[in-house]
Structure formats: structure tokens, C-alpha cells
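Spelled out from the first residue to the last, the chains are:
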2 protein chains.
Amino acid sequence: MLIRSFVPAHITAFFVPRFNDDPLRAGSLGAGVNLSKGTTVFASVETGTLERHIHVAFNGEPVKKGEALITYSVAEELVPGGFLGEVEIWQYFDFPNGYGFGNSAGGALGTALSLSYAFGGTWLKAAQTAHRHEVLNKGGLGDVVAQLAGGIEVRVKAGGPGIGVVDNLFFEDYRVLVVPLGRLSTREVLDGDVVKAIEREGKLALESLLRDPRPERMMALARGFAENTGLLSGELLELARQLDRVLSNPSSMIMLGKGLFALVREKEIDNAKNLLADLDVPYDVAEVYDEKPKVGRWIGQ
Amino acid sequence: MLIRSFVPAHITAFFVPRFNDDPLRAGSLGAGVNLSKGTTVFASVETGTLERHIHVAFNGEPVKKGEALITYSVAEELVPGGFLGEVEIWQYFDFPNGYGFGNSAGGALGTALSLSYAFGGTWLKAAQTAHRHEVLNKGGLGDVVAQLAGGIEVRVKAGGPGIGVVDNLFFEDYRVLVVPLGRLSTREVLDGDVVKAIEREGKLALESLLRDPRPERMMALARGFAENTGLLSGELLELARQLDRVLSNPSSMIMLGKGLFALVREKEIDNAKNLLADLDVPYDVAEVYDEKPKVGRWIGQ
């Protein structure tokens, strides 16, 4: 049996981490956007071997437990202890790992949905399992609930699925331009001194967004958050300013990755592409993904 | 400006009403299914008149306040007091009103989403407004949150949007056969003596479903609920038994309408259609709607 899931990439615009000893109550406040590109997970389940085996591969390459701790933890929990057979989890990412696109949560949620579909369970329990292992392994705090909500989302009450509350903004005609330049460790940032500034600026940005809940406002607040926390500076800030010259809304920093994103109108895309090509920096364009993640049996196209 | 929303029809399989003086905390536990047919709402917003006017039409026919209390209440709340212009809300229903397809909630939610899109707001606030007026006017308790969740849904914590928690079952290849035969007043049932039986049987069905959360189990439990509460009896029960002979899963009663529904496999549809045509009863077939409701500017097709 082959099960396929799709979970959108999720970019955080600004956030407030909410730590809690109970991983289901840990989460984040904040806002972000889900993309039509993201993580696709194929779970192959075959019975008939003498032992219970779980294998994980990223983009076609097998990875060991230490490199895919969250996915292995989710799978260990959802594949029944008494199952005798081979479970292979093939994860394909449209964006690089560690760049702030929620790949870790996408892999966890896609794995949880696929295995729950195969072995029994519900959406909520699968999503809670993914969130719990994300939090325990410091993969992220808010990506799973954001990816479940889709669209341009605002986390108004922190927590995992069933506890956190996610709102959505109305939007029109926007596509998402992304400039992925490199990694930034969520774990290192959340363990560092900048957390206090993040909490202060994130709270202000959220309050302000809820008073005027529009995507344009979200981007302006995201940029303020990125600069005021000091996370966006130097060459990346300079690049953001160059992008701003060809866009009607401010670009901002991908939280957390070394990269930028912007909401762009159809008619602005060519100018932005030309600028980024001139500067010789990588970029991609995606739609806003405004649906639930997908899961189903895969028969082939 | 013309805004279009689509909200799926929602059929309740079994339920437990949860009354509360705070309408956002009122709601229901239970399970049900969302359909690819439902309620389409066009909101036309034109400025330039000297007064603020709100008009509502059902299936092309203007309706007065008394016949569309919930929609008018939602619109009165979401169209700014100082707005000078014409707001027309055109609601089109794929199923008849009062037959248990969640039209009332579909109209309320579609109106709230369309007007919030036009005048500002968020998904959560729009959905809460729709839920609140549904509850206050006894339109229903759980339809709005169920329609927001999509798919085959299980309400595991009662309450409106942001408070209630809705889970989803995994499913495969099912379509929904509906036999809409007539009206049943939600208000009269919820005010009657049968409520105690509904609460007892609904709670048992939910607990049982969560132990074995599969759509097939939901249908068996729905049928038990419908018969044990006495809501399904007489000719309707006889018709359900006839349907069962050509289907692999039990059919059950639409809560609350005089009608039946069933999850059917592709290969079973023809037999069911032939039987219902022979019996000369109306029927329809829809897909399970597994997305979020839709809202957006309408330019025409």
C-alpha cells in the first residue's frame, strides 16, 4: 500500500514562542503564509517480513535516525508495535531543509497523516503526534497548526492541534516570492538572547495586526519585527531594500532562515525576477496554498 | 463589488447538543459529512446611495427579515453602521431549506465570509458571527464548525469557532447518496422530550466512534442513534432497510430532516439509483467536500 500526503511549505512572518512543559500546550503566536509548494510524503507499507522495519529517505536518499529524528519518532509512535513488515517513508522537499520553510513540520505532519491513514487514527491525533515531536525535538513551535490552517494565517492562541487557535486573513491575487539564501538554526535562535526581543516585538506585531487584519499590514509588521529584533540586518536587509523598490508591499525575512519573502501582485513579478536575476540570487514563486493538507492512497498519476 | 462564497452542505450523522448562555460556548458533539454541493452566496456591495440598505434573496427570490432572520442578523452586524450603499445577498441552495443540509449555517457563514471579505475582518471573526446568530436563532448548533472543517468530521469538543474542536476521519472513495424527503424543525426537536434520548445515545455513539474512528463505524453508529432515539421509524426506517440491501454500509437518517443518507462506493451507485427510481423517491449524489469553504471576488466565469 502506498499513501501520499502533501503539506504546504510554511513561512513565518513574525512570532512569539510559547514554551510549555506539555508539548501540546507549547506553540507560538504569530502570522505567516502557506505555499503551494512544500513537502510530499509517500509512505509505503508492506507486510510479510519477519521484523518491523522503518526507513526514511529525504529527496530519494536514505537518512539515519540522527538526521531525521522527528520523522522517525512520529513513525515509531504510529506504526503499531506488533506490525511485521516494511514501512518506507519517502519525503520530497520543494525547498531546502533548514531554510525556514517548515520542512521539518511538513515531514512530521505528512508522515503522521500517511501512517494514520494506513494504520488507523484521525486527523487530530495524527496532527497532535506531529506537533508533539516537533516541539520535543525543537523543530518548530507553530508550523504544524499553521500548515493545517492553510492560507495566510494568524496564530491567535498558542498550542498544538486542538488547543491552539489559528485565524486566517482574506487576501486577493497575491503570489509569494521567496529568496532562499541559507540556513538558520531555529534551535539556536530560540536558545539565544534574542528571544526576549522576539517576544516583545512579536506581541506588538500581533496586537497591531489584529486591529487591522490585512496581508499588507502583516508584511509591514513582519518587516518591523525582523529589523527591530536585529534578525534582519547587513546584506540581507540591503537586499530587502532593493526588493522593496520594485514591490508595492515590503518584503521581509523568512523566520527562521537566511532568506526573504514577499507578497507580490502578478504585474510586479517580472520586475522582481529581473532584479533578482541581475543580482544573481536564487528565487522561486509560489501560490498561496489555501486548502487543508492532502492525504490519500496513491495509485500513480 | 461582487464577492462569492461557497459553503458545503453538512449532514449530521449523530449529535449531542450542548446548550450554553454564551452562544460561542454553545455547540454540539457528534459526527457528520460535508458535501460538494451546498450553499453559494453572492454579496453585491455598491456605494453611492443615500441610505444603508441590506437585501437578501433565496434562490433568486427576495425574502423579508422574518424569513431570513439569521442572514439579516449577520449582515446587520458586519455591514458598518455608517456605510451608505446597497448590500444584496443572493443565496443559492443546492438542497431545499429545512431538510437537514445545514443551509441555514451555510447561508450565515457564506454571508459572513463574503461581507468580511468586502468590509474587513478575518475568517475566525466571520465564522464566530455566523455561529453566534445560528445559535441565538436556533438554526443549529454544530453546522458552522463542521462546515469549516470539511470532510467527514467529528466534533470532539463542543463550541463555536475558536472554542469547539473538530476532528476528521480518513476516508477513501466514498460518495454521499442523499434521499431528501421533507422538513423537520431543528427547533422543535431540540425543544422536545426526545432531547434526553439524543444526549444519551449521542454520547455513547461518539465514545464508540472515537475508539474505532472509521467512516463505516460512523454510519453503523448513526443508524443505531437514529433508531434508538426513535427519530428514525415507520416508513423512513422501512426505506432505510430497503437501501441497506443494495449497500455495504448502513444508511441512516439526516439529522435533522425527513431524509436518509449513505456513504456509497462507486460500484454500488447504480443499484441504489435503480432501487430509488423504482420506489419513485427523490435522490441526489455528491462527493465528500474535503476542503475549506471558499470566498473570493467574483469576476464571472
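Residues numbered from 1 in each chain as written. Chains lettered and ligands numbered in written order. Predicted model: local features only at pLDDT ≥ 70, side-chain atom pairs only at ≥ 80, totals over all residues. Heavy atoms only, no water.

You'll find chain A entered in an unreviewed UniProt entry as Pantoate kinase, with Thermococcus siculi given as the organism. Regarding chain A, the UniProt comment filed under Function (unreviewed entry) reads as follows: "Phosphorylates (R)-pantoate to form (R)-4-phosphopantoate in the CoA biosynthesis pathway." Its UniProt record, at the heading Pathway (unreviewed entry), says of chain A: "Cofactor biosynthesis; coenzyme A biosynthesis." (UniProt positions renumbered as here; feature names shortened; annotations may be inferred.)

Summed over all chains, the structure comprises 35 salt bridges over all chains. A salt bridge links E291 of chain A to K294 of chain A, with the shortest nitrogen-to-oxygen separation between them at 2.9 Å. Take K294 of chain A: its relative accessible area is 29%, and that puts it in the partly exposed class. The closest approach of N and O atoms between R214 of chain B and D212 of chain B, which form a salt bridge, is 2.9 Å. (Salt bridge = Lys/Arg side-chain N within 4 Å of Asp/Glu carboxyl O. Buried < 20%, exposed > 50% of the residue type's maximum accessible area, 1.4 Å probe, protein only.)

Next up on the list: the relation of the copies chain A and chain B. Note on the identical chains: chain A maps onto chain B by a rotation of 180° and an axial translation of 0.0 Å, with an RMSD of 0.0 Å. With respect to symmetry, the two chain copies, as superposed, fit the operation of a two-fold axis. Considering only C-alpha atoms, the part of chain A nearest the rotation axis is E291 of chain A, at 2.9 Å. A shared interface surface links the copies, since 100% of the contact residues of chain A are contact residues in chain B too. (Least-squares fit on C-alpha atoms with pLDDT ≥ 70 in both. Contact = heavy atoms within 4.5 Å.)

Right, let's get into the pairing of strand β1 (residues 2-18) of chain A. Residues and elements named next belong to chain A. The element β1 is extensively covered by neighbouring structure, given that 14 of its 17 residues are classed as buried. Note that β1 and strand β2 (residues 27-47) share 15 bridges and pair antiparallel. By the bridge assignment, V7 is partnered in β2 with T39. The pairing of β1 with strand β12 (residues 294-297) spans 4 bridges and is classified as antiparallel. Bridge pairing in β12 places R4 opposite G296. (Helix = DSSP H or I, 4+ residues; strand = E, 2+ residues; numbered from the N terminus. Pairing = 2+ DSSP bridges.)

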